[in-house]
Amino acid sequence: MAPLAPPVAAIRIAVRRALADLSTDGPVLVACSGGADSLALAAATAFVAPRSGRTAGLVTVDHGLQSGSRHRAEAVARWAEQAGLAPVEAVRVEVAGRPGGPEAAARDARYQALAEAARRHGASALLTGHTRDDQAETVLLALARGAGPRGLAGMPARRDLAGTPLVRPLLEIGRAETRAACAALGLVPWDDPHNSDPAYARSRIRGDVLPVLVRALGPGVLDNLARTAALVAADNAVLDELADTALSQARHPDGGLATGALADLAPAVRGRVLRAWAHELGTPPAALSHRHLTALDALVTAWRGQRASYLPGGLRVLRRGDRLVSEAAPAPTCRTTVPQATGTTPDEAVVDR
Ligand SMILES: Nc1ncnc2c1ncn2[C@@H]1O[C@H](COP(=O)(O)OP(=O)(O)OP(=O)(O)O)[C@@H](O)[C@H]1O
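This structure is a prediction, so every number in the text was calculated from the model and none was measured.

Draft legend 1. A look at the sheet that holds strand β6 (residues 164-167). With respect to topology, six strands assemble into an open sheet ordered β3-β2-β1-β4-β6-β5, the strand pairing being mixed. At either margin of the open sheet sits one strand with a lone partner, and together these are β3 (88-92) and β5 (158-161). Across the sheet, the axes of successive neighbouring strands diverge by a mean angle of 30 degrees, strand direction being ignored. Pairing between strand β2 (residues 56-62) and β3: five bridges, direction parallel. In the strand pairing of β3, Val 59 is matched with Glu 89. This element, helix α4 (residues 102-120), spans β1 (28-31), β2, β3, β4 (125-127), β5 and β6 of the sheet and lies at about 150 degrees to β2.

Draft legend 2. Just the site of the ligand, in detail. Close to the ligand lie 18 residues; Ser 33, Gly 35, Asp 37, Ser 38 and Gly 129 are nearest. Put simply, the parts of the chain that give the shell around the ligand at least two residues each are α2 (36-51) and β2. Its residues assigned to classes, the shell around the ligand shows five nonpolar, eight polar and five charged.

Draft legend 3. Region of interest: the packing of helix α9 (residues 220-250) against helix α11 (residues 267-281). Close contact between α9 and α11 brings their axes to 8 Å; oriented N to C, the two are set at 65 degrees. Between α9 and α11, the interaxial angle falls into the category roughly perpendicular. Every pair of crossing elements has a handedness; the one defined by α9 and α11 is right-handed. Here Leu 239, Asp 240, Leu 242, Ala 243, Ala 246, Leu 247 and Ala 250 of α9 lie close against α11, whose contacting residues are Ala 268, Val 269, Arg 272, Val 273, Ala 276 and Trp 277. Of the residues assigned to the contact of α9 with α11, the class counts are 11 nonpolar, no polar and two charged.

Draft legend 4. Focus on the UniProt feature "binding site: ATP" (unreviewed entry) in the chain. According to UniProt, the "binding site: ATP" (unreviewed entry) feature falls on Ser 33, Gly 34, Gly 35, Ala 36, Asp 37 and Ser 38. With respect to the secondary-structure elements, Gly 34 resides in the loop between β1 and α2. Looking at Gly 34, the number of C-beta atoms within 10 Å reads 22, which means it is buried. For Gly 35, the position within the fold is in the loop between β1 and α2. For Gly 35, a count of 20 C-beta atoms within 10 Å gives the class buried. Residues contacting Gly 35, with those up to four places away along its chain left out, are Pro 189, Trp 190 and Asp 192.

Draft legend 5. Structural context of the environment of His 279. Note on placement: His 279 falls in helix α11. Judged by local crowding, His 279 falls into the partly exposed class, with 13 C-beta atoms found within 10 Å. Between the alpha carbons of His 279 and Ser 196 there is a distance of 35 Å; along the sequence they are 83 residues apart.

Draft legend 6. Geometry of α11. For α11, spanning 15 residues, the distance from its first C-alpha to its last is 21 Å, which sits close to the expected 21 Å at 1.5 Å a residue. For α11, every residue scored as buried is listed here: Arg 270, Gly 271, Arg 272, Val 273, Leu 274, Arg 275, Trp 277 and Ala 278. Backbone geometry just downstream of α11 places Gly 282 in the positive-phi region, at approximately 115 degrees.

Draft legend 7. View of the sheet that holds strand β10 (residues 323-328). Spatial strand order, β7-β10-β9-β8: four strands in an open sheet with antiparallel pairing. Because the sheet does not close on itself, it has two edges, and the strands there are β7 (257-258) and β8 (309-311).

Draft legend 8. Representation of unusual backbone geometry in the model. Cis rather than trans, the peptide bond between Ala 86 and Pro 87 has omega equal to 5 degrees. Tracing the chain through its elements places Pro 87 in the loop between α3 (69-82) and β3. Its identity as a non-glycine residue notwithstanding, Ala 162 has a phi of 45 degrees, on the positive side. Note on placement: Ala 162 falls in the loop between β5 and β6.

Draft legend 9. Seen up close, the environment of Arg 150. Turning to its location among the elements, Arg 150 is positioned in helix α6 (residues 149-152). Of the residues examined, Arg 150 has 23 C-beta atoms within 10 Å and is grouped as buried. Each C-alpha atom, one on Arg 150 and one on Val 232, is 8.0 Å from the other, the two residues being 82 residues apart in sequence.

Draft legend 10. The UniProt feature "domain: tRNA(Ile)-lysidine/2-thiocytidine synthase N-terminal" (unreviewed entry) in the chain, seen in detail. In the numbering adopted here, UniProt assigns the feature "domain: tRNA(Ile)-lysidine/2-thiocytidine synthase N-terminal" (unreviewed entry) to residues 28-206. Note that residues 28-206 is 46% helix and 15% strand, and that its end C-alpha atoms are spaced 29 Å apart.

Draft legend 11. Representation of the packing of helix α1 (residues 6-20) against helix α7 (residues 175-185) in the model. Two elements in contact, α1 and α7, have axes separated by 8 Å at closest approach and are oriented at 115 degrees. Relative to α7, α1 is oriented roughly perpendicular. Helix-helix and strand crossings are classified by hand; for α1 and α7 the assignment is left-handed. Between α1, through Pro 7, Val 8, Ala 10 and Ile 11, and α7, the contact on the second element is made entirely by Glu 177, Thr 178, Ala 180, Ala 181, Ala 184 and Leu 185. In terms of residue class, the contact of α1 with α7 is built from eight nonpolar, one polar and one charged.

Draft legend 12. Region of the structure containing the domain arrangement of the chain. As far as domains go, the chain holds domain 1 (6-130 + 168-217) and domain 2 (236-337). With centres defined by C-alpha atoms, the gap from domain 1 to domain 2 works out at 38 Å.

Basis of the calculations
- One numbering rule holds for all chains: residues counted from 1, following each sequence as written.
- Reporting of local features is limited, given that this is a predicted model, to residues whose pLDDT is at least 70; pairs of side-chain atoms are given and counted only at 80 or more, and all residues count toward the totals for whole chains, interfaces and linings.
- Strand pairing follows a simple DSSP-based rule, namely that at least 2 bridges must link the two strands.
- Helix and strand labels come from DSSP, where a helix needs a run of H or I of at least four residues and a strand needs a run of E of at least two; each type is numbered from the N terminus.
- Under this scheme, a helix contributes an axis fitted over its contacting stretch, all axes are lines through C-alpha atoms, and angles between N-to-C directions fall in the 0 to 180 degree range.
- For every residue pair, C-beta atoms are placed from the backbone, and the pair is scored as a contact if these atoms sit within 7 Å.
- We call a residue near a molecule or strand if the C-beta atom, set from the backbone, is within 6 Å of it.
- For this scheme, ten residues count as nonpolar: Ala, Val, Leu, Ile, Met, Phe, Trp, Tyr, Cys and Pro. Four count as charged, namely Asp, Glu, Lys and Arg, and the remainder, Gly too, count as polar.
- When an angle is under 35 degrees it counts as roughly parallel; over 145 it counts as roughly antiparallel; between 65 and 115 it counts as roughly perpendicular; any other value is oblique.
- Left-handed is the label given to a crossing in which the near helix is rotated counterclockwise from the far helix by less than a right angle, and right-handed is the label when the rotation is clockwise.
- UniProt positions are given in the numbering used here, feature names are shortened, and annotations may be inferred rather than shown by experiment.
- Working definition of burial: number of other C-beta atoms within 10 Å of the residue's own, with buried at 20 or more, exposed at 12 or fewer, and partly exposed in between, all C-beta atoms being placed from the backbone.
- What a helix should span is 1.5 Å times the count of its residues minus one.
- What marks off one domain from the next here is an automatic or database domain assignment.

As structure tokens, this is what we get:
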């Protein structure tokens, strides 16, 4: 018997570890584009799942944005069936008409379709093929955009996607390894032209920036960036817990938050409390910028009778005596009359893919 190629073995071990933490109710579903990362993940899952008493299926999403995308989705689905994965689905989504740029709209449609497929099949988890390289790119992008610790923590190995755990087993595996694993298994991955399209910041990080860093600082830079993400994520978990407690203690009996309790908090905790409160009020997480939070913070720490702070989601927050209170923002009649706390920097938004 030919020896097992090391990248194939490494990916199987990573998948086995990720599956060990999951419920055995329902199949795990691999989200597979047909690219090297998710193809290697799907092949490893097809091998590992039955050997650990599980079923594993695959979902591939056709965004309908490139010619031949239906053909690609069908080819991925055919391969999955013959690899022993079941259930297998190729889902077509409509990207047009969604908010945001084309990349964000496609991502939105994809995750919605993946969540719906997971629900349809009662999946115990959805697995995606994000690698250590994706993580390094995410951290660099976050750094370059001035993100806070939430952004610098990169993508979590596990998060919730509309009630289904979304798990990333390959965050410690390099992209070179997924390519090598595909080659060793005789699999021909699909190359997404978007991945090398310089119109996208992530492609420029991937194609231009990271190679320069690796040349200048050595190949360890990828591992190091991913390690930074893991270290920051661990600190975030503690700060988030502190903020959780602080939020419940800052609730004012008459509604809203008590400014005195907020003022006593360390800035890192207060920022998290205000962020969590804004989410609770209905502000979409991705729309909340650093400037919104700074304006909220100023109502507590730099109070000089200023007017309301406006939040995305049609809300405004005012200071009333010793409370921060929220109310629906009146519809703007003229742009210049509404003091808007704007800002495109995603602050600490998770730069999730
Ligand atoms: N069309 C798709 N259908 C199903 N899952 C997808 C699709 N596109 C992306 N994914 C999932 O999201 C992950 C990240 O995709 P992305 O395109 O951002 O990265 P990538 O490094 O190019 O991954 P891959 O090599 O798997 O295409 C993929 O590994 C896969 O699990």
